[in-house]
Amino acid sequence: MICRFLILFPLVFCFQRSMAQQADTLSLTLPQAEQQLLQKNIPLLAQRYSLDSAQATIVTARLWDNPTLYLENVLYNQNNSRVLDFSSEGERAAQLSQVFKIAGQRNRAVKVAQSGSRMTEYQFYDLLRTLRFTLRDDFYRLYFAEQSINLYGEQIISLQKILHAFEDQLKQGNVSLKDVLRIRSLLYDLQSDEAQAHQDLQSTLSDLQQLLRIPATTPVKPVLPDGALQPPAVTVFSYPQLLDSARANRYDLKMAQENVNYNDLNLRLQRSLAIPDVAVGLTYDRQGNFRPNYNGLSLSIPVPAWNRNQGNIKMAHASLESSKLQLQGTQDQLEHDVMDSYQQALRTQQMLQQVDPAFASDYNHLLGEVQKNFQAHNLNLLEFIDLYDSYRETVLKLNNLRYNELQALENVNYSTGSSIFQL
């Protein structure tokens, strides 16, 4: 099994290296990634067409009903035995009518369409908020995954050198086979962990590439500015401040509020539709009335004896009450989202504050000394392996903690619907 692993492992990394050489690596900053998101993301582009469609409903609501033109001519004139008699003796009639909506139905329909258009616009910005959060999270995750893989690479190279030195010493009989096997086992563990890290990185990279529509063959290298790893403190803001920002900027809340307004306008529209429309018409009749060339004015209105739009009014009222409850639920959820993200950010930054800023560099120096002392036989193998594993786990946890801090701050931005923390 170990032999098979040793044969396949170099092949896997040779394949990955050859794939990477097929396309130049794309170095991408966060502002560049966000700009590309706006220009290329398919769900976002599709939602923009929904905005155009919603605007079109307003145009439709503003239009007047088309007039109706009615024409009639005699089919067979019994007086002169003519078919379709178009002469002066033939009978023909014409009517032109126009329906007029009363009780403000047209204006109310326009307001309902405008409210629906605003909700579509809020959906677009809420989708943008979600996609931007996903993008930034993938960006940070990819950055720290690369840092961890670099760590594995450095340790593997260092351990390979030590392994080669010990194998030479084994041939000379200066070290035991047991020591060489332990170093080799540690190397296999590192290579296996590195392979898993590459899989995780590829999954994140694929998500990022799909968000930005980057070809799958193009590797992406996220570039963070110097100040990104020293983000601002969460404590400069209080929970009430963040909550006020969320209430002012969360588009899902605005959408829930507009939904109440939409249903209220729709209820008013349905009530106005209970009042029937009035149709006014002009009539001309050549021979079929009490005198030739008759001209008349017509007025028609349906009698609301049975259908007074009761069903639609009841449905609109139920929708209004439901939207009010949904709004309350959205407000409650918003408060919890802000509190959860705020507490998470506070805890993460408190943990990082307990870490000595010079810890990583000191640990790097210590590891170098450990390798020198081990090669000089001042440390035994168990001590060396313990310190080596401890170093790797510590650096990985620091990377994960720094990622968690950036993610926590992005959660605050996401829950408040604004870029409070510019990273």
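From a predicted model like this one, the values you see are computed outputs, not experimental measurements.

Chemist: Please set out the overall build of the protein chain residue by residue, giving values where relevant.
Modeler: In terms of regular secondary structure, the protein chain is built from 10 helices and 8 strands. For the protein chain, the C-alpha radius of gyration of 38 Å lies well beyond 22 Å, the compact-globule estimate for 423 residues. Across its three principal axes, the protein chain shows a C-alpha extent of roughly 135 × 55 × 35 Å. Counting across all 423 residues of the protein chain, residues that qualify as buried make up 38%. Long-range contacts, defined as pairs at least 24 residues apart, comprise 80% of the intrachain contacts of the protein chain with a sequence gap of at least 6. By element, 54% of the accessible surface of the protein chain is carried by carbon and sulfur atoms, the whole surface being about 24800 Å².

Chemist: An account of the sheet that holds strand β2 (residues 68-73) is needed here, citing residue identities and associated values.
Modeler: Taken together, 4 strands build an open sheet; the order of strands is β2-β5-β7-β8 and the sheet is antiparallel. Taken across any chain shown, the strands that pair with only one partner, and hence form the sheet edges, are β2 and β8 (294-300). Within the sheet, the average angular offset between the axes of one strand and its neighbour, ignoring direction, is 15°. In terms of strand pairing, β2 meets strand β5 (residues 92-100) through 6 bridges, oriented antiparallel. By the bridge assignment, Thr68 is partnered in β5 with Ser97.

Chemist: Residue-level account of a nonpolar patch on the surface, with values.
Modeler: Together, Trp64, Leu69, Leu71, Leu96, Phe100, Val280, Leu282, Leu297 and Leu299 give the surface a local cluster of nonpolar side chains, amounting to about 1000 Å² of exposed area. By secondary structure assignment, the location of Leu96 is in strand β5. Judged by relative accessible area, which is 42%, Leu96 ranks as partly exposed.

Chemist: Summarise the packing of aromatic side chains; cite the residues concerned and give the values.
Modeler: Inspection of the entire model under this criterion finds 9 aromatic pairs. Between the aromatic rings of Tyr122 and Tyr251, the centroid separation amounts to 5.9 Å while the plane-to-plane angle is 45°, which identifies the pairing as tilted. Here Tyr122, found in helix α4 (residues 105-171), pairs with Tyr251, found in helix α7 (residues 251-272); they are 129 residues apart in sequence, far enough to count as distant. The class for Tyr122 is buried, based on a relative accessible area of 17%. Judged by relative accessible area, which is 22%, Tyr251 ranks as partly exposed. Note on Phe139 and Tyr140: the rings are 6.3 Å apart at their centroids and 80° apart in plane angle, and the pair reads as edge-to-face. Here the aromatic residues Tyr122, Phe124, Tyr125 and Tyr251 are joined through ring pairs into a cluster of three or more. Sitting over the ring of Tyr414, Arg129 keeps its end group 4.0 Å from the ring centre.

Chemist: Can you tell me about the environment of Val180, naming the residues and giving the values?
Modeler: Examined against the element boundaries, Val180 turns out to sit in helix α5 (residues 177-212). For Val180 and Leu269, which are 89 residues apart along the polypeptide, the C-alpha to C-alpha distance reads 84 Å. Leave out the neighbours within four places in its chain, and Val180 touches Leu163, Phe166, Glu167, Leu170 and Val175.

Chemist: Any details on the confidence of the model for the protein chain? Residues and values, ideally.
Modeler: Per-residue confidence for the protein chain gives a mean pLDDT of 86; residues scoring 70 or more make up 90%. Model confidence for the protein chain, summarised as mean pLDDT per element, is weakest for helix α1 (residues 2-22) at 42 and strongest for α7 at 96. Of the regions scoring below 50 in pLDDT, residues 1-22 engages in 14 contacts with residues more than four places distant in sequence or in other chains.

Chemist: Before we move on, could you go through the nonpolar core and cite the residues and values that matter?
Modeler: In this structure, Leu159, Ile183, Leu212 and Phe384 are the most contacted members of the largest nonpolar core, which totals 37 residues. When contributions to this core are tallied by element, the ones reaching two or more residues are α2 (30-40), α4, α5, α9 (359-375) and α10 (381-416). Beyond its immediate sequence surroundings of up to four residues, Phe384 is in contact with Leu159, Ile162, Val370, Gln371 and Phe374.

Chemist: Explain the packing of α4 against α5 to me, and be specific about the residues and the numbers.
Modeler: Each packed pair of helices is defined by two parameters, the angle between the axes and the distance between the axes. One can describe the packing of α4 onto α5 by two numbers: an axis separation of 8 Å at closest approach and a directional angle of 160°. Between α4 and α5, the crossing angle belongs to the class labelled roughly antiparallel. At the point where α4 passes α5, the crossing takes the left-handed sense. Broken down by class, the residue content of the contact of α4 with α5 amounts to 24 nonpolar, 7 polar and 9 charged.

Chemist: I'd like a rundown of the side chain of Gln407, residues and numbers included.
Modeler: Tracing the sequence through the fold places Gln407 in helix α10. If we skip the residues at most four places from it in the chain, Gln407 touches Asp137, Arg141 and Gln344.

Chemist: Lay out the side chain of Ser148 in plain terms, naming residues and giving numbers.
Modeler: Inspection of the secondary structure puts Ser148 in helix α4. Other than its neighbours up to four places away in sequence, Ser148 contacts Leu396 and Asn399.

Chemist: So what's going on with unusual backbone geometry? Which residues, and what values?
Modeler: Its identity is not glycine, yet Arg213 carries a phi of approximately 55°, on the positive side. Relative to the helices and strands, Arg213 resides in the loop between α5 and β6 (220-223). A relative accessible area of 47% means that Arg213 is categorised as partly exposed. The backbone of Asn293 sits at a positive phi, close to 50°, despite the residue not being glycine. For Asn293, the position within the fold is in the loop between β7 (278-285) and β8.

Calculation notes
- Residues numbered from 1 in each chain as written.
- Predicted model: local features only at pLDDT ≥ 70, side-chain atom pairs only at ≥ 80, totals over all residues.
- Heavy atoms only, no water.
- Helix = DSSP H or I, 4+ residues; strand = E, 2+ residues; numbered from the N terminus.
- Rg over C-alpha atoms; globule rule 2.2 N^0.38 Å.
- Buried < 20%, exposed > 50% of the residue type's maximum accessible area, 1.4 Å probe, protein only.
- Contact = heavy atoms within 4.5 Å.
- Areas by Shrake-Rupley, 256 points an atom, 1.4 Å probe, with all protein chains shown as cover.
- Pairing = 2+ DSSP bridges.
- Axes fitted to C-alpha atoms, helices over the stretch in contact; angles between N-to-C directions.
- Patch = residues over 30% accessible without salt bridge, like charges linked within 9 Å, V, L, I, M, F, W, Y side chains within 5 Å.
- Salt bridge = Lys/Arg side-chain N within 4 Å of Asp/Glu carboxyl O.
- Phe/Tyr/Trp six-rings, centres within 6.5 Å; stacked < 30°, edge-to-face > 60°.
- Lys NZ or Arg CZ within 6 Å of the ring centre and 35° of its normal.
- pLDDT = per-residue confidence, 0-100.
- Core = buried A, V, L, I, M, F, W, Y, C linked by side-chain atoms within 4.5 Å.
- Parallel < 35°, antiparallel > 145°, perpendicular 65-115°, else oblique.
- Left-handed = near helix turned anticlockwise from the far one by under 90°.
- Nonpolar A, V, L, I, M, F, W, Y, C, P; charged D, E, K, R; others polar.

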